[in-house]
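Survey of secondary and tertiary structure
Each chain is listed here by its residues.
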Amino acid sequence: MQADPQTRPPKSGRSPLVPIAIVVVIAVVAVLAWVFWPKGEAPKPAQDNLPPPVVEQQPQPAAEPEPAPVDNSAAEPEPQQVEAEPATPAPEPVKLPALKDSDPMVRDDLNALMPSQSVVKTQEPQLIDKVTQILATAVEGYLPERQRLIASPDKAFEVVRDGDTIYLDSDSYHRFDPYVAIFVGLDDTKLLAFLDKYQPLFSEAYSQLGLDGDNLKPNLVQIINLALATPDPAEPIKLSQPKVLYQFADPALENLKPIQKILIRMGPDNRAKVKAKLEALKSALDAQ
C-alpha cells in the first residue's frame, strides 16, 4: 500500500533542510559584502611623496559546509513478511458401516438428535431403509401405509355434529402437539449433519428401491415445497361421511395430497409452526 503523499517519509538524498541552509548562507554572504565592500565615494586628489595606499584585503566569508545528506532510509519501514496461516486440515471422513450393519450407529445418532420422549421408534431394525422408504413415498405426497417408524397419535380422530352438518373437532388438533413440538425442536444444523453423514447409505438404499441415489436432498426440497403449499382453510372445517371414513366436504381440500391433509388436521397453530420450521430447513438446504 502506498503512503499518503502528505505522510510519506522523504526518500534518500537531501532533506528539506538543505535548501533552507543554502538560503541562510547566501544571506550571510550578502550582509558581509555590504559591510566590507568599498563604498562609492568620490576620489581624492593624488598627493606626492605619499606612500602607496595600502589596499586592505577584503575578508572572504567562510563558506559554511553543506549539510551532509540525510539518510532517511531508516525512516522507511521495511516491508513485513506476513506468514500465511497453516491451512486447517480437512476432517477425516467418517467410516460408515455397511448398510445392513448400520443400525447401531444410526440409532445412537438418532437418539442424540431426538428428545428422550420421542415418537420415533429408533429401536426398529433397518432404520436407513425405513427412512428412505418414507422419503421416497412422501415425495409424491403420500406416506407408507404400514410404516412403523413413527408412532400413531394416542387420541382418536373426533368430529362435531350440528344436525346434518359435520365439523372437524378442533380438540383433535392437539393429537399432533407432541409431533410438532419434537419437529420444531430439532436442531437444523445437526439434522442436516445427520443427513450428510449418512448420504452414502441413503444413496445405497435409494438404489435398492430402483431410484437415483443422488435424489435425497432434491426429494427433501420437493417434500418441503409440497407441505408449504398446503392451504390454510377457514375454520370450522366441514366434513362429509359418504361411507365409513370421513372426507373433507370441500373438494379442493379433499383433492389435496395425504401429507397436506395431515397438515390440515393438525390445525392452524400447529400448521404454522411446521411451515416456519420447513422454511428454515429449506433455507439451510439451499445454503449448502
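Structural data are supplied above this passage.
So, how was this worked out
- Residues numbered from 1 in each chain as written.
- Predicted model: local features only at pLDDT ≥ 70, side-chain atom pairs only at ≥ 80, totals over all residues.
- Heavy atoms only, no water.
- Helix = DSSP H or I, 4+ residues; strand = E, 2+ residues; numbered from the N terminus.
- Contact = heavy atoms within 4.5 Å.
- Areas by Shrake-Rupley, 256 points an atom, 1.4 Å probe, with all protein chains shown as cover.
- Expected span 1.5 Å × (residues − 1).
- Buried < 20%, exposed > 50% of the residue type's maximum accessible area, 1.4 Å probe, protein only.
- Arc of directions from axis to C-beta.
- Salt bridge = Lys/Arg side-chain N within 4 Å of Asp/Glu carboxyl O.
- Pairing = 2+ DSSP bridges.
- Core = buried A, V, L, I, M, F, W, Y, C linked by side-chain atoms within 4.5 Å.

So, on to the overall build of the protein. Within the protein one finds 10 helices and four strands. Helices (α) and strands (β) of the protein occur, in sequence order from the N terminus, as α-α-α-β-β-α-α-α-α-β-β-α-α-α. Considering only contacts in the protein between residues 6 or more positions apart, those separated by 24 or more positions represent 67%. Accessible surface for the protein amounts to roughly 20600 Å². Of this, 57% is attributable to carbon and sulfur atoms.

It is worth spelling out helix α10 (residues 268-287) at this point. With 20 residues, α10 extends 29 Å between its outermost C-alpha atoms, agreeing within 8% with the 28 Å of an ideal straight helix rising 1.5 Å per residue. Within α10, burial applies to N270, R271, V274, K275, K277, L278, L281 and L285. Each buried residue of α10 sits inside an arc of 170 degrees when the element is viewed along its axis, so together they form one side. Residues of α10 that are exposed and angled more than 90 degrees away from the buried face: D269, D286 and A287. In this fold, the buried residues of α10 make contact with α4 (177-185), α5 (188-197), α7 (216-228) and α9 (258-265).

Attention now moves to the pattern of salt bridges. Inspection of the entire model under this criterion finds seven salt bridges. With its nearest N and O atoms 2.8 Å apart, the salt bridge here joins K197 to D109. Of this pair, K197 sits in helix α5 while D109 sits in helix α2 (residues 103-113); the two residues are 88 residues apart in sequence, bridging distant segments of the chain. Look at K197 and you get partly exposed, because its relative accessible area is 28%. Judged by relative accessible area, D109 falls into the partly exposed class, the value being 23%. Across the salt bridge formed by K275 and D232, the nearest N and O atoms sit 3.5 Å from each other. Of this pair, K275 sits in helix α10 while D232 sits in the loop between α7 and β3 (238-240), and the two are 43 residues apart along the sequence. We classify K275 as buried; its relative accessible area is 13%. Shared partners join several salt bridges into a network, and the residues in it are D232, R271 and K275.

This part is about the pairing of strand β1 (residues 159-162). Relative to strand β2 (residues 165-168), β1 runs antiparallel, the two sharing four bridges. Within β2, the residue paired with R161 across the bridge is I166. Between the antiparallel neighbours β1 and β2 lie two residues, among them G163 with a positive phi of about 70 degrees.

On the secondary structure map, T137 appears in helix α3 (residues 127-138). Once the C-alpha coordinates of T137 and I223 are considered, the two residues, 86 residues apart in sequence, prove to be 9.7 Å apart.

Quick look at the sheet that holds β3 now. On the basis of which strands lie adjacent, the open sheet formed by four strands has the order β1-β2-β3-β4 and antiparallel pairing. The outermost strands of the open sheet, each flanked by one partner alone, are β1 and β4 (247-248). With two bridges joining them, β3 and β4 adopt antiparallel strand pairing. Bridge pairing in β4 links L239 to F248.

Attention shifts here to the nonpolar core. Side chains of a nonpolar character, in soluble globular proteins, are inclined to be buried together. Core analysis: the biggest nonpolar cluster contains 41 residues, and V106, I128, F194, Y198 and F202 have the highest contact counts within it. Mapped onto this core, the elements with two or more residues apiece are α2, α3, α4, α5, α6 (199-208), α7, α9 and α10. Here this core takes six residues from α7, the largest share from any one element. Apart from residues no more than four positions distant in its own chain, F194 is found in contact with V106, D109, L110, L113 and F202. Listed in part, the nine residues of the second largest apolar core include L168, Y173, L239 and L256.

As a further point, take the side chain of N219. Note that N219 resides in helix α7. For N219, the contacting residues outside a window of four places in its chain are V139 and Y206.

Moving on, we come to the pairing of β2. Consecutive side chains along a regular strand alternate between the two faces of the sheet. Burial of β2 is one-sided: the residues I166 and L168 facing one way are buried, the residues T165 and Y167 facing the other way are not. As judged from the two bridges shared by β2 and β3, these two strands associate in the antiparallel manner. The residue bridging I166 from the neighbouring strand is L239, located in β3.

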